[in-house]
Amino acid sequence: MAEPNAISIIPPVVVLTLAIILRRPILSLVLGALVGLALLDPATVLANFADASLKVMGDETIGWLILVCGTFGALIALLVHTGGALAFGRNALKMAKGPKSSLLMTYFLGVIIFIDDYLNALTVGETMRRVTDKFKISREMLAYVVDSTAAPICVLVPLSTWAVFFGGLLVDNGVAGEGQGISTYIQAIPYMLYAWVAVIMVPLVIFGIVPLFGPMKKAELAAKQGQPALEQIDLEEVHTPDHYAAKAIEQEFEQADTQGKLVNFLVPIGLLVAFTVYFDIDVWKGLLATLAVTIPFYMVQRLMPLADMLEQMINGFKCMLPAIGTVIAAFIFKDVCDQLLLPQYVINALSPYMTAGLLPAMVFLSMAILAFATGSSWGIFAVTIPIVMPLAIAVDANIPLVIGALLSASSFGSQACFYSDSTVLAAQGSDCNLVSHAITQLPYALIAAAIAFVGFLIIA
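Residues numbered from 1 in each chain as written. Predicted model: local features only at pLDDT ≥ 70, side-chain atom pairs only at ≥ 80, totals over all residues. Heavy atoms only, no water.

Novice: Residues and numbers for the overall build of the protein, please.
Specialist: The helix and strand tally for the protein stands at 25 helices and 0 strands. A total of 460 residues make up the protein; the buried ones form 57% of that total. Look at the contacts in the protein between residues 6 or more apart in sequence, and 78% of them connect residues 24 or more apart. Accessible surface, the protein: about 17600 Å² in total, of which carbon and sulfur atoms supply 67%. (Helix = DSSP H or I, 4+ residues; strand = E, 2+ residues; numbered from the N terminus. Buried < 20%, exposed > 50% of the residue type's maximum accessible area, 1.4 Å probe, protein only. Contact = heavy atoms within 4.5 Å. Areas by Shrake-Rupley, 256 points an atom, 1.4 Å probe, with all protein chains shown as cover.)

See the structure below:
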């Protein structure tokens, strides 16, 4: 496609429509990518799809994601099978006296695990699920709390994978000087309005200051009555791949050592955080180092033979394949959107309104739409920063404010998009139907986005 035009918005519309109707995100993304490729060249759709798939699979980020996601699944399997996660749940249950306190514990645990949104979403959902189940809290509410303290928290803490990635992009694009990426990032933290609002909204929802409404209210009423939430929001039960993966972990819990010790949960999690920080916020290296210590630690206690440990780790890796598949499909879809010049079209359509005063709000709006449509929060930032930042400098806009708007849009897309990696993992960790989670949390994400948009207008 030589010039950006309105045709580029067709694939995102197709994906969003199919994701809601079919509730199969991988299929929706693949079909959306095929539609986009057909718009580019109907005669070479399959060949171009094969090329795009190979390009994505050769991407270092995808390789990193597969290793991190799968290995974390392996670590979860060990934590579950040895009874460590059950022990954590039992101890948390002693402190949780009711629905509100159990959700607050979920919230605080999400704030504490700030290193990475994948780590956050999986750990918090998996460990708190049984605690919230006791008080008849819907899985949708649990997944909302988990998702709201995943990407938004990681954005706000400069010691996270998000900060390292985005700080590097700021340096690569000349926005920050060599070695100044993180310091520039820190200057923008006060202006990451969506992340702040999303995190603050959670306790307000828990205490009822922000009332339950819409699909979330129906899901909570259904949970209180012991009924399936999906029936209450007029959705037919579908056993999606993420549902099966979560059920596999559920079975691991059923087979777990009921006499497990709390230390067998706290030590690996503490090591993971410590090693990840030690290796300059590299979760992959942190996971390897954690397993290198955790496996001998479990062997000394004779919790299970080494062969059984390896088998559990392989099963844990398998449980993460649906989430990995969804993210891979999202990257393929993003590549097709890039070929259709979708980011450039959105930027060009909004450029007449981009004065110094309106720029931050318009950047947030346009990038939030893109991140929501494509499910690629990191990728959208990487694609659009070379376009947005020169424009910001040209109109003499507040640079930290514009960076805050970009990162706010990224965290919104990560949380709100039906098929983003964070949404998928929050749903899987909470054993909640993916689309049910996305539909119930979307109104709250949109409220936070609206407040952030107004905030950018006021500040600018």
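Let us keep going from here.
Novice: How would you summarise the confidence of the model for the protein if you had to cite specific residues and measurements?
Specialist: Scored by pLDDT, the protein has a mean of 81; 88% of the residues are at 70 or more. Within the protein, the lowest mean pLDDT, 41, falls on helix α14 (residues 229–232), and the highest, 94, falls on helix α12 (residues 193–206). Every residue in residues 229–246 is under pLDDT 50, and counting partners more than four places away or in other chains gives 35 contacts. (pLDDT = per-residue confidence, 0-100.)

Novice: Describe the nonpolar core, naming the residues involved and giving the relevant values.
Specialist: Of all hydrophobic cores here, the largest spans 136 residues; its most connected members are Met128, Tyr144, Tyr185, Met192 and Tyr194. No other element matches helix α4 (residues 60–81), which puts 11 residues into this core. Discounting chain neighbours no more than four positions away, the residues touching tyrosine 185 are Cys154, Val155, Pro158, Trp162, Ala163, Phe166, Gly167, Leu170, Met192 and Leu407. (Core = buried A, V, L, I, M, F, W, Y, C linked by side-chain atoms within 4.5 Å.)

Novice: Hey, could you go over helix α19 (residues 321–339) for me, with residue numbers and the actual values?
Specialist: Helix length check: α19 (19 residues) gives 27 Å between terminal C-alpha atoms against 27 Å at 1.5 Å per residue, within 8%. Most of α19 is tucked away, with 14 of its 19 residues classed as buried. Directly after α19, the chain includes leucine 341, whose backbone phi takes a positive value near 60°. (Expected span 1.5 Å × (residues − 1).)

Novice: I'd like a description of a nonpolar patch on the surface, backed by residues and values.
Specialist: A cluster of nonpolar residues, Ile7, Ile9, Ile10, Val13 and Leu39, forms a patch on the protein surface that exposes about 370 Å² of accessible area. Mapped onto the elements, isoleucine 7 comes out in the segment before α1 (10–22). The exposure class of isoleucine 7 is partly exposed, given its relative accessible area of 37%. (Patch = residues over 30% accessible without salt bridge, like charges linked within 9 Å, V, L, I, M, F, W, Y side chains within 5 Å. Salt bridge = Lys/Arg side-chain N within 4 Å of Asp/Glu carboxyl O.)

Novice: I'd like a rundown of the packing of aromatic side chains, residues and numbers included.
Specialist: Scanning the model with the defined rule gives 9 aromatic pairs in all. Taking the centre distance of 5.4 Å and the plane angle of 40° together, the rings of phenylalanine 364 and phenylalanine 456 count as tilted. Of this pair, phenylalanine 364 sits in helix α21 (residues 359–374) while phenylalanine 456 sits in helix α25 (residues 434–459), and the two are 92 residues apart along the sequence. The pair formed by phenylalanine 364 and phenylalanine 456 is uniform in burial state, with each residue classed as buried. Among the aromatic residues, those joined into a ring-pair cluster are Tyr194, Phe372, Phe412 and Phe418. (Phe/Tyr/Trp six-rings, centres within 6.5 Å; stacked < 30°, edge-to-face > 60°.)

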